[in-house]
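Chain by chain, the residues:
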Protein chains: 2
Amino acid sequence: MATLVVLGSGIMATALATPLADNGHTVRLVGTHLDREIIDSIQKTGIHPNLKLKVPEGTTAYQLEDAAEAFEGVDLVMSGVNSFGVEWAGEQLAGLLRPGMHVIALAKGMRADDQGNLDILPNVLMRQVPEEVRDQVTWSAIAGPSIAGEVAVHRHTCVTFAGKDQAALDMWKELFETDFYHVWTNTDLTGIELMAATKNCYAFGAGFMHGTLTRMLEESGESDPLYVNYNYGAALFGQASIEMQEWLQLLECDPQTVMGIAGIGDCFVTSMGGRNVKVGTLVGTGMTFSEAKAQMPGVTLEGATCIVVVGEALKKLTERGVVPPEQFPLLRHLYEVVGEDKPVDVPWKTFFGQHGDGR
Amino acid sequence: MATLVVLGSGIMATALATPLADNGHTVRLVGTHLDREIIDSIQKTGIHPNLKLKVPEGTTAYQLEDAAEAFEGVDLVMSGVNSFGVEWAGEQLAGLLRPGMHVIALAKGMRADDQGNLDILPNVLMRQVPEEVRDQVTWSAIAGPSIAGEVAVHRHTCVTFAGKDQAALDMWKELFETDFYHVWTNTDLTGIELMAATKNCYAFGAGFMHGTLTRMLEESGESDPLYVNYNYGAALFGQASIEMQEWLQLLECDPQTVMGIAGIGDCFVTSMGGRNVKVGTLVGTGMTFSEAKAQMPGVTLEGATCIVVVGEALKKLTERGVVPPEQFPLLRHLYEVVGEDKPVDVPWKTFFGQHGDGR
């Protein structure tokens, strides 16, 4: 049986201790400086306060200052820090990794340079680690569709593990796979990470469906409508699927990666709820993004942040002639809403290409 | 301004009078022998009893015996009869169509011959019409994603009109398109109809997500669960997207037709609710399909019927070596559940090909 050390003790990192523990493995959770209370709680009561569940038997928790102790004798590392802390996590790992270790990362998002060139977070993470160690460590990533709490309580979940090293992926799959946590592997790392990041952008838009309905009902004085607003959501979801495939083509990944779990499946589960959809809903009711965000103080919004990163990159890529201005109309509108505080006004007629399917 | 005659007065056929009326067109609804009470109600009160809404100004209703009167002087025909009545509708049209007329059809489903060869419903419809008339009429079809009632109350809706005759599609688009009803056209008629039919099959499976959660909570005694069952639904949705693309390949359609509104978008909206999802939910709780169906007497279940047609065809196609036995594992399981009354036991490990995306 193996031991894993996890940097970051957020809900997804902690939830993944469930399939690992089911397979008899031991997990050491190391909190970041922001996770102090989480680690305190797990050490005292065994309960993760955000996940609202007891961590599995055999899972132990360490404050950041005890990281070196947690990493002792362990060569399997999960980077569980979210998209805002990837550079920080890489810097920490720089001092903790040794040749021969294996890293698997959870953060979902994108970074862009000042020319608008997009990069995936596993690359950002590994770049913080000195080359002589980096090249002797394998780097993999876990992609959805998985809501963390559902994994923690043994709901059936099908996920993709992605990376360049198939042997490392096979090893991770064997460690994690159980009767309820089902794992597929894919070496299109960039494509899988691109799907995991952009689905967060498009799920923000899924909230518009609920928000615009609320606004329409308020305007009409109806309280219990006969008919809701799913046609609207279906159209946004359809356009999201087309744009996600176009992102794959732009970054020279396999366009097929959008199909199945990592693209369309993950966009589905993310559109069903969560913080991003909540803010998108508020914006759909007629608030500006700034007003909506002010109603959710202290809440991290990875989807909205990703919209700004990708939307700004898209502007630069369009100026440079890399992307034609008629491509990505939904992402461009999401950027207007989130990055420029404009009202929701979905540009339907610009969607779906000529045939309704992106062509 | 144009006049359209509609054979069949179901909720979708009637809802489409809304965009037509908004564009100043006149609609004549002709009820089938099963629609007698609907037509009575519209004639007396203007209200469609199933849609629970007043039909638009200018919409008139005719009993079946007055069909010839309704068709007088009209050359735009909508076949609004559902999938169970397509042959009947074709026989009626055989006596009512004249060369130069244009037909657009709504029914969604498939037919198969005794070799398992699948065919789309517009073909079934037109085959009932004598060749000399059939060839001098254009045949088009309307595909989703659109919940009828939402169209009737002006919710934003994006749909695909499909057919072999681009000029006819352009004409229909101009008749229907409004500020809220947005139309794309696609000449991959077989592909679009295949998506519209199979999405009903897969939406039945979407109910399993809710039903299995209910069963799990009953077994555990929980009433207000912290975490529901979206990962399960996302995985089914992901596999549905892969199989819908495989159906396109099998029938030599464009695999891209699954993207956007007619495939993925329509599967999304259909998975959000309706009769099929309700039966799927009951089955997910542990009932057999027969038991679940008995709880919904008099309700037509187009999705379940399509599962039987396609599932039986799939068996024959597999026996004939046309389809490999490992393809379409979700549809095969849906057939076990609906056609053979077996319990839900999703074969997760057979899904998603090797890489999670169908390859």
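Residues numbered from 1 in each chain as written. Chains lettered and ligands numbered in written order. Predicted model: local features only at pLDDT ≥ 70, side-chain atom pairs only at ≥ 80, totals over all residues. Heavy atoms only, no water.

### Some thoughts on the relation of the copies chain A and chain B
Two chain copies here: they are related by a rotation about an axis and a translation along the same axis. Here chain A sits on chain B after a turn of 180° about the axis and a move of 0.0 Å along it, with an RMSD of 0.0 Å. Expressed as a symmetry operation, the mapping of one chain copy onto the other fits a two-fold axis. Comparing contact sets, 100% of the residues at the interface of chain A also lie at the interface in chain B, consistent with an isologous, same-surface contact. (Least-squares fit on C-alpha atoms with pLDDT ≥ 70 in both. Contact = heavy atoms within 4.5 Å.)

### Some points on the sheet that holds strand E12 (residues 181–186) of chain B
All names here are of chain B. The eight strands are arranged E5-E2-E1-E6-E7-E10-E11-E12 in an open sheet whose pairing can be described as mixed. Strand pairing shows two members of the sheet lacking a second neighbour, strand E5 (59–62) and E12, which therefore form its edges. Taking each pair of neighbouring strands and ignoring which way they run, the sheet shows an average axis angle of 25°. As defined by bridge partners, strand E11 (residues 157–163) adjoins E12 across six bridges and the pair is classed as parallel. Following the sheet pairing, Thr160 is matched in E12 by Trp184. (Pairing = 2+ DSSP bridges. Helix = DSSP H or I, 4+ residues; strand = E, 2+ residues; numbered from the N terminus. Axes fitted to C-alpha atoms, helices over the stretch in contact; angles between N-to-C directions.)

### What about the UniProt feature "domain: Glycerol-3-phosphate dehydrogenase NAD-dependent N-terminal" (unreviewed entry) in chain A?
Sites flagged by UniProt as "domain: Glycerol-3-phosphate dehydrogenase NAD-dependent N-terminal" (unreviewed entry) map to residues 5–167 of chain A. Helix makes up 34% of residues 5–167 of chain A and strand 26%, and the two end C-alpha atoms of the span are 20 Å apart. (UniProt positions renumbered as here; feature names shortened; annotations may be inferred.)

### A short note on the nonpolar core
Counting 126 residues, the largest nonpolar core has Tyr202(A), Phe204(A), Phe208(A), Tyr202(B), Phe204(B) and Phe208(B) as its most contacted members. Residues contacting Phe208(A), with those up to four places away along its chain left out, are Tyr232(A), Leu236(A), Gly280(A), Thr281(A), Val283(A), Gly284(A), Leu334(A), Val337(A), Val344(A) and Val346(A). (Core = buried A, V, L, I, M, F, W, Y, C linked by side-chain atoms within 4.5 Å. Buried < 20%, exposed > 50% of the residue type's maximum accessible area, 1.4 Å probe, protein only.)

### Topic: helix H3 (residues 36–45) of chain B
Residue and element names in this part refer to chain B. For H3, the full list of buried residues reads Ile38, Ile39, Ser41 and Ile42. Buried residues of H3 fall within an arc of 160° about the axis and therefore sit on the same side. Exposed residues on H3 whose side chains face more than 90 degrees from its buried face are Glu37 and Lys44. Here the buried face of H3 lies against strand E2 (26–30), strand E3 (47–48) and E5. Just downstream of H3, Gly46 is the residue with a positive phi angle, here 80°. (Arc of directions from axis to C-beta.)

### Focus on the interface of chain A and chain B
Counting residues at the interface gives 64 residues for chain A, matched by 64 residues for chain B. With both sides pooled, the region where chain A packs onto chain B buries about 5,400 Å², and carbon together with sulfur makes up 60% of that total. In this assembly, chain A and chain B are joined by four salt bridges. Lys349(A) serves as the salt-bridge partner of Glu177(B), at 3.4 Å between the closest nitrogen and oxygen. Residue assignment for the side of chain A that touches chain B shows that the elements contributing at least two residues are helix H8 (148–152), strand E11 (157–163), strand E12 (181–186), helix H10 (189–220), helix H11 (230–250) and helix H12 (261–271) of chain A. The element that contributes the greatest number of residues to the side of chain A that touches chain B is H11(A), accounting for 11 residues. (Buried area = accessible area lost by both parts, 1.4 Å probe. Salt bridge = Lys/Arg side-chain N within 4 Å of Asp/Glu carboxyl O.)

### A closer look at unusual backbone geometry
A cis amide bond links Gly144(A) with the next residue in sequence, Pro145(A), at an omega value of 5°. On the secondary structure map, Pro145(A) appears in the loop between strand E10 (138–143) and H8. One non-glycine residue, Phe328(A), lies in the positive phi region at around 60°. For Phe328(A), the position within the fold is in the loop between helix H15 (302–319) and helix H16 (329–339). At Phe352(B), a residue that is not glycine, the phi angle is positive and equals roughly 70°. Among the secondary structure elements, Phe352(B) is positioned in the segment after helix H16 (329–340). Under the relative-accessibility criterion, Phe352(B) is labelled buried at 1%.

### Re the sheet that holds strand E1 (residues 3–7) of chain A
Residue and element names in this part refer to chain A. Read across the sheet, eight strands follow the order E5-E2-E1-E6-E7-E10-E11-E12 without closing on themselves; strand pairing throughout is mixed. Each edge of the sheet is formed by a strand with only one pairing partner; in this case those strands are strand E5 (59–62) and E12. For this sheet the average axis-to-axis angle between neighbouring strands, irrespective of direction, equals 25°. Sheet topology places E1 next to strand E2 (residues 26–30); five bridges connect them, and they run parallel. Of the residues in E2, the one forming a bridge with Val5 is Arg28. Where H10 meets the sheet, its contacts fall on E10, E11 and E12, and the angle it forms with E11 comes to roughly 135°.

### Side note on the packing of aromatic side chains
Taken as a whole, this structure holds 26 aromatic pairs over all chains when the rule is applied. Seen from their ring centres, Phe204(B) and Phe208(B) are 5.9 Å apart, and the 85° between their planes marks the pair as edge-to-face. With Phe204(B) and Phe208(B) both in helix H10 (residues 189–220), this residue pair falls four residues apart, about one helical turn. On the basis of relative accessibility, which here comes to 0%, the residue Phe208(B) falls in the buried class. Ring geometry for Phe351(B) and Phe352(B): centres 5.5 Å apart, planes at 80°, overall edge-to-face. Like Phe352(B), Phe351(B) is buried. Cluster of aromatic residues (ring-pair linked, three or more members): Phe161(A), Trp172(A), Phe176(A), Phe180(A) and Tyr181(A). (Phe/Tyr/Trp six-rings, centres within 6.5 Å; stacked < 30°, edge-to-face > 60°.)

### Some words on the packing of H11(A) against H16(A)
Residues and elements named next belong to chain A. Where H11 contacts H16, the axes come no closer than 8 Å and their chain directions differ by 105°. Relative to H16, the element H11 lies roughly perpendicular. On H16, the residues touching Leu236, Gln239, Ala240, Glu243 and Trp247 of H11 are Pro329, Leu330 and Leu331. Considered class by class, the residues forming the contact of H11 with H16 number six nonpolar, one polar and one charged. (Parallel < 35°, antiparallel > 145°, perpendicular 65-115°, else oblique. Nonpolar A, V, L, I, M, F, W, Y, C, P; charged D, E, K, R; others polar.)

### Concerning the pairing of E2(A)
All names here are of chain A. Counting buried positions along E2 gives four out of five residues, so the element sits mostly inside the fold. As judged from the four bridges shared by E2 and E5, these two strands associate in the parallel manner. Across the sheet, the residue bridging to Val30 is Tyr62, located in E5.

### Details of the confidence of the model for chain A
Of all residues in chain A, 100% have pLDDT values of 70 or greater, and the mean over the chain is 97. Both scores are given for the predicted complex: the pTM is 0.97, the ipTM 0.97. (pLDDT = per-residue confidence, 0-100.)

### Focus: the UniProt feature "signal peptide" (unreviewed entry) in chain A
In this numbering, the UniProt entry assigns the feature "signal peptide" (unreviewed entry) to residues 1–17 of chain A. Across residues 1–17 of chain A, helical content stands at 35% and strand content at 29%; the span's end C-alpha atoms are separated by 14 Å.

### Re empty space enclosed by the protein
Taken as a whole, this structure holds four cavities of 30 Å³ or more when the rule is applied. Its volume calculated, the largest cavity comes out at about 80 Å³. Lining the largest cavity are Phe268(A), Tyr202(B), Gly205(B), Ala206(B), Gly233(B), Leu236(B), Phe237(B), Ala240(B), Cys267(B), Ser271(B) and Leu330(B). Secondary structure elements with two or more residues in the lining of the largest cavity: H10, helix H11 (230–250) and helix H12 (261–271) of chain B. It is H11(B) that contributes the most residues to the lining of the largest cavity, four residues altogether. Residue composition of the lining of the largest cavity, grouped by class: eight nonpolar, three polar and no charged. (1 Å grid on protein atoms, 1.4 Å probe; cavity = no way out; pocket = protein on both sides within 12 Å on 5 of 7 lines; lining within 4 Å. Points joined across faces, edges and corners; volume = space filled by probe spheres on them.)

### Notes on H16(B)
Every α-helical turn comprises 3.6 residues, leaving residues that sit three or four positions apart pointing alike. Residues and elements named next belong to chain B. Between its first and last C-alpha, H16 extends 15 Å over 12 residues, near the 16 Å set by a 1.5 Å rise per residue. Within H16, the full set of buried residues consists of Pro329, Leu330, Leu331, His333, Leu334, Tyr335, Val337 and Val338. Just downstream of H16 lies Asp341, where phi reads positive at about 60°. (Expected span 1.5 Å × (residues − 1).)

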